[in-house]
Amino acid sequence: MNGTTSDRAADATGVRGPGRREKAGPARRAMARHWYAWAMVVPVVLVTGLLIGWPLVRGVYLSLTDATEATMGRTIGVNVIPSTYEFVGLDNYVSILGSGLFWEKLVWTVIWTVVCVGLHYSLGLGLAMLLNRRVRFRSTYRLLLILPWAIPGFVAAFIWRYLYNSDYGVINAMLKAAGFGAVGWLDEPTTAKIAVIAVNVWMGVPFMMIAVLGGLQSIPGELYEAAEMDGATPWQRFRHITVPGLRTVSSTVVLLGTIWTFNMFPVIFLITRGGPGSSTEILVTYAYREAFTSIRNYSGSAAWGMIILLLLVVLALVYRRALRRQGEVW
Amino acid sequence: MMRRAFSAATIVAALALAVSACGGGTSDSAAAPAQSAAADPSKISGEITWWDTVRPDSEGPTFQALIKEFEAKYPSIKVKYVNVPSDQAQGQFQTAAQAGTGAPDVIRSEVAWTAQFASLGYLQPLDGTRAVENESDFMASPLSSTKYNGKAYAVPQVTDTLALLYNKKLLEKAGYDKAPTTVEELKKVALDVKSKTGVNGLALNVDSYFLLPFMYGEGGDLLDVQNKKIVVNSPANVKAMATVTDLITSGAAPKPATQDSYANAMTALKDGKAAMIYNGPWALSEIYQGKEFKDKANLGIAPVPAGSAKAGAPTGGWNLAIYAGSKNLGASYEFVRFMSTAEAQAKVAKEISLLPTRTSAYGNPDVQGNKDVATFKPIIDTAVARPWIPEGGQLFQPLLEGYQAIVGGKTTPEDMLKKVDSDYHGIFKDWS
């Protein structure tokens, strides 16, 4: 029924201009030739649409309403609660962007991301260069260095939280043994920030190291030999062979690392709960607090989520354009 | 597009209202036969899930033993015992109840959560069901926490409050045979303990709930519910915060950690590294596992020290509530009824020193035989009832952030309370 009407509509538009008909021809031919490809893709499209598209659309919709746990309708047994939330347009966005809190969190989130990814990459690169040489027990080193990555994030976070404990933690015990005073690692905004960055760096370096190591090994050794013959210094070799050779790998892992770190929930949430006060809270942990504590603010947290998503999309676009300008395509 | 969304929402709302009108009618008629059938225990059958929130190692076994007794009495009911950590139960229950799957039939709900759950429609109204038995026997303050809009949504299970828990030996070494009764004395005793024994006098726990005794002590409070007024930013509370700061700066209490400070304070007391802490009866079974209290008699329990106005600690405790979507309401009613009998409460009080909510339970010789309960009873009688409102749970986060800032020396009592006050106005938009 539907098919016939749309076919008819297609015919009608096709008749109107001869140019259209020509265009529809190749498309139909392509469809006929590649129907199996389309058939293969359909399940993926459906599942992706269901798992990613639908929640996303729903999130966008919720962020434009004033839905909270109290205003969302539901029926549980004898209790029937009608939906009383309304469409409020961009009110949520306006109030978030108009609050000092958002900008405060954004600044800290950016610092957190830049410092973490900077350290991830530089330490990862350094370790990768070390491990790329022929050294004894190389595989043992690699194994040990990959270990932090193998530990689940929440386990690592809990272990570190105990290490940092100001009264009974190992770190303070060592400081005391060495004659220094104890430090309230998680009790001061500054030390707490350093503490969470340290944990995140510890957890993220192995991935960078392995990725960069793979990149290093794909650089042909002849290039270095040739450069050495030409009398290039180690710094020149690094600058002109290693760095360009790593560019493809680096650009990808840095972007990935940025997105991951920007949204790194467990480290902050499990180690400091955003405290002291809310000084270590990044955008994601704040959105979580809106969404999952007390009477849940679904619309507010959805708006936070959308803003975070937009920030990352913009970041990725700018980053890609910058890379393309350097002649890089991915 | 927008208009369509609007009208669809209106239709849904109208339909929901219509359904609720019918729903109310049918449920009333359905409740009646369930009640008459309940008289015969063997006739009710099914499996119910109970989310318990006690400490699984020290308190859990007592409740599991009670379940065994219940199952023996009601052979066709099976109770699935699930222990959920108390700091996660609230969120997990809200998630499960909202989603409509995975919520337990019965939940042990903290007194402050009950009104919130009820206002969100998650709890089964219990008036006139088998779950509620002889309500007049319950103590007034815990009972009031089970009501929302005049209806009962839970049954009080245990009650509690904060007290000063202390290491008698350490206080004796410092020359005291009694606990301090005022905050001034508390400071002096703590400083003497520190100078004479080298051990810290007082370990503070940086948590909103543990701040309330200081505020009540000066005659302060957070809200004036009757007049819909936020009263957190008061001279009394400024004084209370100054007292807390003074305890830390004077050295009576070491500067507390803000992370894990509950656990740190408990460990300090248990290991004899601090002489006094504020805590409630729920902590006793854990404290007795500590090396300083192998001899239980070494633990002193006293009312919280008084401020310039009075000695007062918040009323806490736990209720038993039934999820409105429970598939097995009949069995859930019986279970809640059984768990809140004076006998069941007496057993819990005897074994793990949790305080009964039934006045008649205190007449039970088992309860009278438990020294801790006997000590806590008069303290409970002076406890300050908190406002049982759905937003009650939201009051703690701003206060906690302020407390952390005060401890970190980042703010003054005045500025901190101003900040808390403005946060509260964000929660209660139409309050003065």
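Residues numbered from 1 in each chain as written. Chains lettered and ligands numbered in written order. Predicted model: local features only at pLDDT ≥ 70, side-chain atom pairs only at ≥ 80, totals over all residues. Heavy atoms only, no water.

Examining the UniProt feature "transmembrane region" (unreviewed entry) in chain A
Residues and elements named next belong to chain A.
- UniProt tags residues 35-57, 106-131, 143-164, 194-216, 249-271 and 302-319 as "transmembrane region" (unreviewed entry).
- Helix makes up 91% of residues 249-271 and strand 0%. Its end C-alpha atoms lie 31 Å apart.
- Helix makes up 100% of residues 302-319 and strand 0%, and the two end C-alpha atoms of the span are 25 Å apart. (UniProt positions renumbered as here; feature names shortened; annotations may be inferred. Helix = DSSP H or I, 4+ residues; strand = E, 2+ residues; numbered from the N terminus.)

Considerations on the sheet that holds strand S7 (residues 163-167) of chain B
All names here are of chain B.
- The strand order S8-S11-S7-S12 describes an open sheet built from four strands, whose pairing is mixed. This sheet does not close on itself; its edge strands, each paired only once, are strand S8 (200-203) and strand S12 (299-302). Between one strand axis and the next, the sheet turns by 20° as a mean value, whatever way the strands run.
- Here helix H10 (residues 261-270) sits on the sheet and contacts S7, S8, strand S11 (274-279) and S12; the angle it forms with S11, its principal contact strand, is near 135°. (Pairing = 2+ DSSP bridges. Axes fitted to C-alpha atoms, helices over the stretch in contact; angles between N-to-C directions. Contact = heavy atoms within 4.5 Å.)

A few points about the interface of chain B and chain A
- Listed by partner, the interface residues are 41 residues for chain B and 34 residues for chain A.
- It is Gln98, Leu120 and Gln259 of chain B in chain B that bury the most area against chain A; as a group they hold 18% of the surface buried on that side.
- In this structure, the connection of chain B to chain A is made through four salt bridges.
- A salt bridge links Lys410 of chain B to Glu188 of chain A; the shortest N-O distance between them is 3.1 Å.
- Inspection of the chain B/chain A interface yields 17 residue pairs in polar contact (both at pLDDT 80 or more).
- When residues of the side of chain B that touches chain A are traced back to their parent elements, those giving at least two are helix H1 (2-37), helix H3 (86-99), helix H4 (111-119), H10 and helix H16 (396-407) of chain B.
- Considering only residue class, the side of chain B that touches chain A consists of 16 nonpolar, 20 polar and five charged. (Buried area = accessible area lost by both parts, 1.4 Å probe. Salt bridge = Lys/Arg side-chain N within 4 Å of Asp/Glu carboxyl O. Polar contact = N/O pair within 3.5 Å; in protein donor to acceptor, adjacent residues only side chain to side chain. Nonpolar A, V, L, I, M, F, W, Y, C, P; charged D, E, K, R; others polar.)

Points about the domain arrangement of chain B
All names here are of chain B.
- As assigned here, chain B comprises domain 1 (42-160 + 316-381) and domain 2 (163-313 + 391-427).
- Look at where the C-alpha atoms of domain 1 and domain 2 centre, and you get two points 28 Å apart.
- Listed per partner, the contact involves 13 residues of domain 1 and 14 residues of domain 2.
- Note on domain 1 versus domain 2: buried area summed over both sides is about 1300 Å², and carbon and sulfur give 63% of it.
- Counting the contacts that link domain 1 with domain 2 gives one salt bridge.
- The interface formed by domain 1 and domain 2 contains four residue pairs in polar contact (both at pLDDT 80 or more).
- If you tally residues by element for the side of domain 1 that touches domain 2, the top one is helix H15 (residues 371-381), at four residues. (Domains from an automatic or database assignment.)

Quick notes on the pairing of strand S2 (residues 77-83) of chain B
Residues and elements named next belong to chain B.
- Where strand S1 (residues 46-52) and S2 come together, seven bridges link them in parallel fashion. Among the inter-strand pairings, Glu47 is bridged to a residue of S2, identified as Lys78.
- In terms of handedness, the path from S1 via helix H2 (residues 60-73) over to S2 forms a crossover that is right-handed. (Right-handed = clockwise from strand over helix to strand, strands pointing away.)

Some remarks on the packing of aromatic side chains
- According to the stated counting rule, one finds 32 aromatic pairs over all chains in the structure shown.
- Between the aromatic rings of Trp235 of chain A and Phe238 of chain A, the centroid separation amounts to 5.7 Å while the plane-to-plane angle is 35°, which identifies the pairing as tilted. Placement of both Trp235 of chain A and Phe238 of chain A in helix H10 (residues 234-262) is noted, with a separation of three residues, approximately one turn of the helix.
- Relative to Phe335 of chain B, the ring of Trp50 of chain B has its centre 5.5 Å away and its plane inclined at 65°; by these criteria the two rings are edge-to-face. Taken together, the positions of Trp50 of chain B in strand S1 and Phe335 of chain B in helix H12 (residues 329-339) put the pair 285 residues apart, joining distant regions of the chain.
- Judged by its relative accessible area of 0%, Trp50 of chain B is buried.
- Residue Phe335 of chain B is classed as buried on the basis of its relative accessible area, which comes to 0%.
- By the ring-pair criterion, three or more aromatic residues cluster together here, those being Trp50, Phe63, Phe70, Tyr74, Tyr81, Phe335 and Phe338 of chain B.
- The positively charged end of Lys193 of chain A is found above the aromatic ring belonging to Trp108 of chain A, 4.9 Å away from the centroid.
- Between Lys377 of chain B and the ring centre of Tyr362 of chain B, over which it is positioned, the NZ or CZ distance is 4.9 Å. (Phe/Tyr/Trp six-rings, centres within 6.5 Å; stacked < 30°, edge-to-face > 60°. Buried < 20%, exposed > 50% of the residue type's maximum accessible area, 1.4 Å probe, protein only. Lys NZ or Arg CZ within 6 Å of the ring centre and 35° of its normal.)

Considerations on the pattern of salt bridges
- On inspection of all chains with the given rule, the structure shows 24 salt bridges over all chains.
- A salt bridge links Glu104 of chain A to Lys105 of chain A; the nearest nitrogen and oxygen atoms lie 3.6 Å apart.
- You can call Lys105 of chain A buried: its relative accessible area is 3%.
- Residue Lys347 of chain B is joined to Glu351 of chain B by a salt bridge in which the shortest nitrogen-to-oxygen separation is 3.4 Å. Of this pair, Lys347 of chain B and Glu351 of chain B both sit in helix H13 (residues 342-352), separated by four residues, roughly a single helical turn.
- Residue Glu351 of chain B is classed as partly exposed on the basis of its relative accessible area, which comes to 43%.
- Because the salt bridges share partners, they merge into one network encompassing Arg55, Asp57, Lys270 and Glu286 of chain B.

Topic: the packing of H2 of chain B against H12 of chain B
Residues and elements named next belong to chain B.
- At their nearest, the axes of H2 and H12 sit 11 Å apart, and the two run at 125° to each other. With respect to H12, the element H2 is oriented oblique. Note that H2 runs across H12; the crossing there is right-handed. Contacts from Phe63, Leu66, Ile67, Glu69, Phe70 and Lys73 in H2 reach Ala331, Glu334, Phe335, Phe338 and Met339 in H12. (Parallel < 35°, antiparallel > 145°, perpendicular 65-115°, else oblique. Left-handed = near helix turned anticlockwise from the far one by under 90°.)

Focus on a nonpolar patch on the surface
Residue and element names in this part refer to chain A.
- Together, Leu56, Val60, Leu309, Val313 and Leu317 give the surface a local cluster of nonpolar side chains, amounting to about 400 Å² of exposed area.
- Sorting elements by how many residues they give to the nonpolar patch places helix H13 (residues 298-325) first, with three residues.
- Among the structural elements, Val60 can be located in helix H2 (residues 18-63).
- Exposure remark for Val60: the relative accessible area of 36% places this residue in the partly exposed category. (Patch = residues over 30% accessible without salt bridge, like charges linked within 9 Å, V, L, I, M, F, W, Y side chains within 5 Å. Areas by Shrake-Rupley, 256 points an atom, 1.4 Å probe, with all protein chains shown as cover.)

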